[in-house]
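Below, each chain spelled out in residue letters.
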Amino acid sequence: TMLRTFNVAICLSLLSLCVGQDVPSCPLTMKGVTWHFNNDTDYSMVSVPNKYLCYEKCLKTEGCRGATWQLNDIAQGVCFLFNNPKDLRMCHYCESAIAPIPVDGVCNSSDDDIIDMYDANNELECIKRCASKPGECQFYSYFGEGSVLPNKCMLLKTCADVTNAEGCPDIHSKQIQCFPPIQKECFNYKELSDVSRREDAGAGNFCDKEDSESVSPDWVGKSWYRVTGKAGNFIPVIQAYYQRCGTEYSGYLNDSHPENQWENKNATVCFTDGENPCAFEKDIEVTNCGTYHVYLLDDVDNCNSRYCTSAKLRSNQRNE
């Protein structure tokens, strides 16, 4: 009862505040990406005509932390709901939204915690309001039709004090979530998949140079590359032997991989000639995409030279 009286007093004092049209700076949605779908914990629904209905279903579904709506002419739109969204991947004709995290109760906020109060026809509008104030708005309380202040949105800096939701019907307090900065190269890359690239493969005359007569079958010139298939998963972080990897001068990463998701770093690939472990080198970039890495590779300067690959990520050590 005290909380209800407290909230009403605050809300009534803020009703005269001007409502601005802020542009969201915290990305709530992202086109062209989705998450790994787990058949045991995630859900899908057909005949969902638009993304907004899909996102609203997520907000009303307990445990939903993300949603993807995908255009499908046959099913008139498919809505995927994720309980534990992870492992981002590309998708066509789709858009995903990351859901806020519910507070265990209702935020009992002081005047200092409150940023603003707005009219909001639904919770999605409230989420957008909070997202329009990145770094300032961390939580919000949406007052639904059955609350003391129907269709109001309270933006909050913090939610340190929480009260039992049973005494506050149809008030939804949640913590805003935004898509992290995503490196586009994680979803737009070529593949190095030739098995003869592996560090344990023998000598050959392949060369990672686009105009070479012996150009590698999976080489297309300067681009972002992901190591896939029988080639493995990584450019090895260990000195490759001379005349391995289907070439003469074997190339290995003379550096570490970035450890954090979406982290990008400059690195160097060394090519060994049998006597000098780094007879010549090539500057590259490496990006951590969460469950895999991608490499910005350019044509080698000397043929026959090639970027080696490996099935495992290993520490920076040297073969004798």
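This text goes with the structure placed above it.
Numbering of residues starts from 1 in every chain and runs along the sequence as written. Where local features are concerned, this predicted model is filtered to residues with pLDDT of at least 70; where side-chain atom pairs are given and counted, the filter is 80 or more; whole-chain, interface and lining totals use all residues. Side-chain measures here rest on the full set of heavy atoms in the structure, leaving out hydrogens and waters.

Peer 1: Describe the overall build of the protein, and please don't skip the residues or the numbers.
Peer 2: Secondary structure elements are defined from DSSP: runs of H or I of at least 4 residues count as helices, runs of E of at least 2 residues count as strands, and each element is numbered from the N terminus. Check the secondary structure of the protein and you find three helices and 19 strands. Here the protein holds 320 residues, and the buried ones make up 47% of them. Put simply, 70% of the contacts in the protein that link residues at least 6 apart link residues at least 24 apart. To measure how exposed things are, a 1.4 Å probe is used in the Shrake-Rupley method; for residues, cover is taken only from the protein chains shown. Accessible surface for the protein amounts to roughly 16,300 Å². Of this, 46% is attributable to carbon and sulfur atoms. Between buried and exposed lies partly exposed: a residue is buried under 20% and exposed over 50% of the maximum accessible area for its type, with that area taken using a 1.4 Å probe on protein chains only. Here, residues are in contact when the closest pair of their heavy atoms is within 4.5 Å.

Peer 1: Can you tell me about the state of the cysteines, naming the residues and giving the values?
Peer 2: Criterion for a disulfide: a pair of cysteine sulfur atoms at a distance within 2.5 Å. Tallied over the entire structure, the rule returns eleven disulfides. At a sulfur-sulfur separation of 2.1 Å, the disulfide partner of cysteine 58 is cysteine 64. An S-S torsion of about -105° defines the bridge between cysteine 58 and cysteine 64 as left-handed. For the pair cysteine 58 and cysteine 64, a shared accessibility class is recorded, and that class is buried. Residue pairing for cysteine 126: its cysteine sulfur links by disulfide to cysteine 153, the two sulfurs lying 2.1 Å apart. Between cysteine 126 and cysteine 153, the disulfide has an S-S torsion of 75° and is therefore right-handed. Here cysteine 126, found in helix H3 (residues 123-131), pairs with cysteine 153, found in strand S10 (residues 152-156); they are 27 residues apart in sequence, far enough to count as distant. Both residues of the pair, cysteine 126 and cysteine 153, count as buried.

Peer 1: Lay out the nonpolar core with the relevant residues and their values.
Peer 2: Judged by nonpolar contacts, the single largest core of 28 residues is most densely connected at Cys54, Ile127 and Leu155. Of all the secondary structure elements, the ones that give two or more residues to this core are helix H2 (51-60), strand S3 (66-70), strand S4 (78-82), strand S8 (114-119), H3, strand S9 (139-143) and S10. Top element by residues in this core is H3. It accounts for five residues. In terms of nonpolar packing, the next biggest core, distinct from the first, is built from 21 residues, Trp219, Tyr249, Val269 and Phe280 among them. Buried Ala, Val, Leu, Ile, Met, Phe, Trp, Tyr and Cys residues form a nonpolar core when they are joined through side-chain atoms within 4.5 Å.

Peer 1: If you had to explain the sheet that holds S8 to someone new, which residues and values would you point to?
Peer 2: Strand pairing is assigned whenever DSSP identifies at least 2 bridges connecting the two strands. Across the sheet, five strands lie side by side as S6-S12-S9-S10-S8; this open sheet has antiparallel pairing. The open sheet terminates on both sides in strands that have one partner only, identified here as strand S6 (101-102) and S8. Here S6 pairs with strand S12 (residues 171-175) via two bridges, running antiparallel. If you follow proline 102 over to S12, its bridge partner there is lysine 174.

Peer 1: So what about the pattern of salt bridges? Which residues, and what values?
Peer 2: Every case where a carboxyl oxygen of Asp or Glu lies within 4 Å of a side-chain nitrogen of Lys or Arg is listed as a salt bridge. As enumerated under the stated definition, the model contains nine salt bridges in all. Residue lysine 152 is joined to aspartate 119 by a salt bridge in which the shortest nitrogen-to-oxygen separation is 2.1 Å. Highlighted residues: lysine 152 in strand S10 and aspartate 119 in strand S8, separated in sequence by 33 residues. The partner of aspartate 301 in a salt bridge is lysine 282, with the nearest N and O atoms 2.9 Å apart. In this pair, aspartate 301 is assigned in the loop between strand S18 (293-297) and strand S19 (305-307) and lysine 282 in strand S17 (residues 280-288), connecting sequence segments 19 residues apart. Residue aspartate 301 is classed as exposed on the basis of its relative accessible area, which comes to 52%. Note on lysine 282: relative accessible area 14%, which makes it buried. By sharing partners, the salt bridges in this structure join Arg197, Asp208 and Asp218 into a single network.

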